[in-house]
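Each chain, letter by letter, is given below.
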Amino acid sequence: MSKIIVTTQKGKTRELKGESGSSLMEILRDADMGVAAICGGVCSCATCHVYINGEWGKKLPPRSEEETDLLKELESYDPSASRLSCQIEFTEELDGLALTVAPEE
Amino acid sequence: MTRTIVIVGAGQAAAQAIQTLQANEFDGKIALIGDEAYVPYERPPLSKGLLAGEIELEKLFFKKPAYFAEKGIDLRLKTSVTRIERAAKRLKLDDGSTLAYDQLLLATGARVRRISIPGADLSGVHYLRGIDDVLGIRAELAPGKRLVLVGAGYIGLEVAAVANKLGTQVTVLEMMDRVMARVVAPAVSAFYDQVHRAAGVDIRLQTGVVAFEGDGRVTAVVTDKGDRVAADMVIVGIGVVPNVELAKDAGLAVDNGIVVDDCCRTSDPDIFAAGDVTNHPSALMGRNIRLESVQNAVSQGRAAALAMLGKPEPYNEVPWFWSDQYDLKLQIAGLSEPTDEAIVRGDPATRKFSVAYLRDGVFVAINTINMLKDFLPAKKLIAEKRVVDKTKLADPNVSLKEL
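On a predicted model such as this, the values are computed, not experimentally measured, just so you know.

1. Brief notes about the overall build of chain B
Here's step 1: Of the regular secondary structure elements, chain B holds 10 helices and 26 strands.
Here's step 2: In terms of overall dimensions, chain B has a C-alpha envelope of 65 × 60 × 35 Å along the principal axes.
Here's step 3: Buried residues in chain B amount to 56% of all 403 residues.
Here's step 4: Contacts in chain B between residues far apart in sequence, at least 24 positions, make up 59% of those at least 6 positions apart.
Here's step 5: Looking at chain B as shown, the accessible area adds up to about 16,500 Å², and 50% of this sits on carbon and sulfur atoms.
Here's step 6: On chain B, the mean spot of the 49 positive side-chain charges and the mean spot of the 51 negative ones are 2 Å from each other.

Here is the structure:
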């Protein structure tokens, strides 16, 4: 079983089951991880912001221009780690992925 | 004794309230009552991906149906509340049963406004609010069919874009003199009008509808200009009305929505309300407003849950909305008024521009079209009620962060 290691805004660490074909946002939302994801995954609101831990960022598909345009305007933006979780589809290759939920803005 | 929170209405506000209750480790009981056959789901994709057949139905659900049993949530679908008995703190349900509550959250949303003209009951005349509506529409949409949309609001135009891509011949009839008149500036209306026309959509402005014709099934729409528009199907999108009846019958304060404070508390200390159904204070506007939006439903769902938990956090967010049509991403923040000064940033011909709205020099709202970088900084300027330099504002190369 593939897993995702999530650190919440409250600093708790949880291990979630990763389901291929779902976006990271959907997996986080399903587990009540405190991701608002208001626009539902269409890259319009930046309320599903997460930090990808360590080297995992390099294994993900790159950010689109739209995703970057939204992320760059967040106060909590970290160029090396910030992603919108709705824009990343979970696959088996991401087994063990570690991320931290970013603060709400 | 265990506390019971009952949530009436299974939409976006309810979904968020449950998420917030869970995230705060609420240890009482939760019951959720919804009149549709589905667990809470996202509505925005209804008029876009679901209608286009690009999204699976299951993708719309906030939680998998199994979630509710796992969390011990008493989920009652296809069930309506017929009465709130405030003195006894219980609900009467349409199956004849009663359900006691300690705290009640009314998240009853809004329903479509029905058109009352001859032929309104003909088959082939649709509305779009829920999953079942979309499945009904999708079953009839096919290349070559003639679809008439009554109303050019943004949901109507999203449907127009999807139907047009599916090869349907689309006609839009709109009473006002421009599309999306209620939510965007004239410059943005003109842009979308042109985009739809270029795609082959027939838009007729300042055109009302007086009758639907057909024998059992709609075959034509008669306009107030006397024109007869041939139709295989019709979708009416002329707004929504808040579902306030339960609250009103129970004697709660109701005025274009259930009246709540900035923590979603109604006039009864044990009853809360959230989402499209509420009339709530807006510090930004300096008056009470009622919003029909996902953002408001989610933020109020959270605020109501926190208030029920005894940790109230006033809700005072800049309202925002979005709409996807063709390859265009429209984002709206703030509430503009027709008298606001509209300043265009960028060239609409590039399909990437924004329109900022000033009221007495104060930045009050924005529409961005494929201009994502303006959206979040604009929200901040709006929240801060910032007076901005107009010349800089009109220059799309100046970041809104520098204003």
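2. A look at helix α4 (residues 131–140) of chain B
Note: α-helices contain 3.6 residues per turn, so residues at a spacing of three or four share the same orientation.
Here's step 1: Within α4 of chain B the residues assigned to the buried category are Ile131, Val134, Ile137 and Glu140 of chain B.
Here's step 2: Those residues of α4 of chain B that are buried lie in contact with α2 (49–52), β9 (125–127), β14 (217–223) and β16 (233–236) of chain B.

3. Some details on the interface of chain A and chain B
Here's step 1: Chain A puts 29 residues into the contact, and the matching count from chain B is 30 residues.
Here's step 2: With both sides pooled, the region where chain A packs onto chain B buries about 2,500 Å², and carbon together with sulfur makes up 43% of that total.
Here's step 3: By the criterion of area lost to chain B, the three top residues of chain A are Asp32, Ile38 and Glu73 of chain A, representing 28% of everything that side buries.
Here's step 4: Counting across the interface, chain A meets chain B through 9 salt bridges.

4. Observations concerning the sheet that holds β16 of chain B
Consider a sheet: its strands pair through backbone hydrogen bonds, and that pairing is either parallel or antiparallel.
Residue and element names in this part refer to chain B.
Here's step 1: An order of β9-β16-β10-β11-β12 is seen for the 5 strands of this open sheet, with the pairing classed as parallel. Two strands close off the open sheet at either side, each with one partner strand: β9 and β12 (202–204). Direction aside, the axes of adjacent strands within the sheet are offset by 20° on average.
Here's step 2: Across the face of the sheet, helix α5 (residues 154–165) comes into contact with β10 (146–150), β11 (169–173) and β16 while running at roughly 170° to β10.

5. Examining the packing of aromatic side chains
Here's step 1: Counted under the stated rule, the structure contains 7 aromatic pairs over all chains.
Here's step 2: Taking 5.4 Å as the distance between ring centres and 90° as the angle between the ring planes, the aromatic pair formed by Phe191 of chain B and Tyr192 of chain B counts as edge-to-face.
Here's step 3: By relative accessible area, which is 5% here, Phe191 of chain B ends up buried.
Here's step 4: Ring geometry for Trp320 of chain B against Trp322 of chain B: centres 5.9 Å apart, planes inclined by 40°, an arrangement best described as tilted.
Here's step 5: Judged by relative accessible area, which is 0%, Trp320 of chain B ranks as buried.
Here's step 6: Directly above the ring of Trp56 of chain A sits Lys59 of chain A, whose terminal nitrogen or CZ lies 4.6 Å from the centroid.

6. Some thoughts on the domain arrangement of chain B
Residue and element names in this part refer to chain B.
Here's step 1: For chain B, the domain assignment lists domain 1 (4–111 + 240–308), domain 2 (125–236) and domain 3 (327–402).
Here's step 2: Distance between the C-alpha centres of domain 2 and domain 3: 29 Å.
Here's step 3: Contacts between the two partners involve 9 residues from domain 2 and, on the opposite side, 13 residues from domain 3.
Here's step 4: Three residues, Val188, Phe191 and Tyr192, lead the burial of domain 2 against domain 3; their summed loss comes to 49% of the area buried on that side.
Here's step 5: Taken together, the connections running from domain 2 to domain 3 amount to 0 salt bridges.
Here's step 6: There are 2 residue pairs in polar contact (both at pLDDT 80 or more) connecting domain 2 and domain 3.

7. Focus: the sheet that holds strand β5 (residues 97–101) of chain A
All names here are of chain A.
Here's step 1: Strand order in this open sheet of 5 strands is β2-β1-β5-β3-β4, and the pairing throughout is mixed. Where the open sheet ends on each side, the last strands, each with one partner, are β2 (13–17) and β4 (82–84). Recorded for the sheet is a direction-independent mean angle of 35° between the axes of neighbouring strands.
Here's step 2: Sheet analysis places strand β1 (residues 3–7) next to β2, joined by 5 bridges and oriented antiparallel. If you follow Ile5 over to β2, its bridge partner there is Glu15.

8. Digging into the pairing of β14 of chain B
Residues and elements named next belong to chain B.
Here's step 1: Most of β14 is tucked away, with 5 of its 7 residues classed as buried.
Here's step 2: Sheet topology note: the strand β13 (residues 209–215)/β14 ladder contains 6 bridges and is antiparallel. Within β14, the position partnered with Glu213 by the bridge is Ala220.
Here's step 3: Hairpin connection between β13 and β14: a loop of 1 residue separates the two successive antiparallel strands, and Gly216 in this loop has a positive phi of roughly 85°.
Here's step 4: When β14 meets strand β15 (residues 228–230), the two strands line up antiparallel, connected through 3 bridges.

9. Some thoughts on empty space enclosed by the protein
Residues and elements named next belong to chain B.
Here's step 1: Summed over all chains, the structure comprises 4 cavities of 30 Å³ or more.
Here's step 2: There is about 100 Å³ of room inside the largest cavity.
Here's step 3: Among the elements that line the lining of the largest cavity, the one with the most residues is helix α1 (residues 12–23), at 4 residues.
Here's step 4: In this structure, the second largest cavity spans a volume of roughly 70 Å³.
Here's step 5: Around the second largest cavity sit His280, Pro281, Ser282, Leu284, Ile289, Leu291, Tyr315, Asn316, Glu317 and Pro319, which together line it.

10. What to know about helix α8 (residues 294–308) of chain B
Here's step 1: With 15 residues, α8 of chain B should cover 21 Å at 1.5 Å per step; its first-to-last C-alpha distance of 21 Å lies within 8% of that length.
Here's step 2: The buried count for α8 of chain B comes to 14 of 15 residues, which makes it a mostly enclosed element.

11. Regarding unusual backbone geometry
Residue and element names in this part refer to chain B.
Here's step 1: The backbone phi angle of Lys78 is positive, close to 50°, even though this residue is not glycine.
Here's step 2: One can find Lys78 in the loop between β3 (74–76) and β4 (81–85).
Here's step 3: Within the chain, Arg351 stands out as a residue other than glycine whose phi angle is a positive 60°.
Here's step 4: One can find Arg351 in the loop between β24 (341–345) and β25 (353–359).
Here's step 5: The class for Arg351 is partly exposed, based on a relative accessible area of 31%.

12. A few points about the nonpolar core
Here's step 1: Core analysis: the largest hydrophobic core is formed by 79 residues, its most contacted members being Ile7, Leu147, Val188 and Tyr192 of chain B.
Here's step 2: Ignoring any residue separated from it by four or fewer positions in sequence, one finds Val188 of chain B in contact with Leu330, Phe353, Val355, Asn367 and Ile369 of chain B.
Here's step 3: Counting 56 residues, the second largest nonpolar core, distinct from the first, contains Phe90 of chain A together with Val294, Phe375 and Ala378 of chain B.

Thresholds, definitions, all that
Residues numbered from 1 in each chain as written. Chains lettered and ligands numbered in written order. Predicted model: local features only at pLDDT ≥ 70, side-chain atom pairs only at ≥ 80, totals over all residues. Heavy atoms only, no water. Helix = DSSP H or I, 4+ residues; strand = E, 2+ residues; numbered from the N terminus. Buried < 20%, exposed > 50% of the residue type's maximum accessible area, 1.4 Å probe, protein only. Contact = heavy atoms within 4.5 Å. Areas by Shrake-Rupley, 256 points an atom, 1.4 Å probe, with all protein chains shown as cover. Lys, Arg positive; Asp, Glu negative; His and termini not counted. Charge placed at Lys NZ, Arg CZ, Asp CG, Glu CD. Buried area = accessible area lost by both parts, 1.4 Å probe. Salt bridge = Lys/Arg side-chain N within 4 Å of Asp/Glu carboxyl O. Pairing = 2+ DSSP bridges. Axes fitted to C-alpha atoms, helices over the stretch in contact; angles between N-to-C directions. Phe/Tyr/Trp six-rings, centres within 6.5 Å; stacked < 30°, edge-to-face > 60°. Lys NZ or Arg CZ within 6 Å of the ring centre and 35° of its normal. Domains from an automatic or database assignment. Polar contact = N/O pair within 3.5 Å; in protein donor to acceptor, adjacent residues only side chain to side chain. 1 Å grid on protein atoms, 1.4 Å probe; cavity = no way out; pocket = protein on both sides within 12 Å on 5 of 7 lines; lining within 4 Å. Points joined across faces, edges and corners; volume = space filled by probe spheres on them. Expected span 1.5 Å × (residues − 1). Core = buried A, V, L, I, M, F, W, Y, C linked by side-chain atoms within 4.5 Å.

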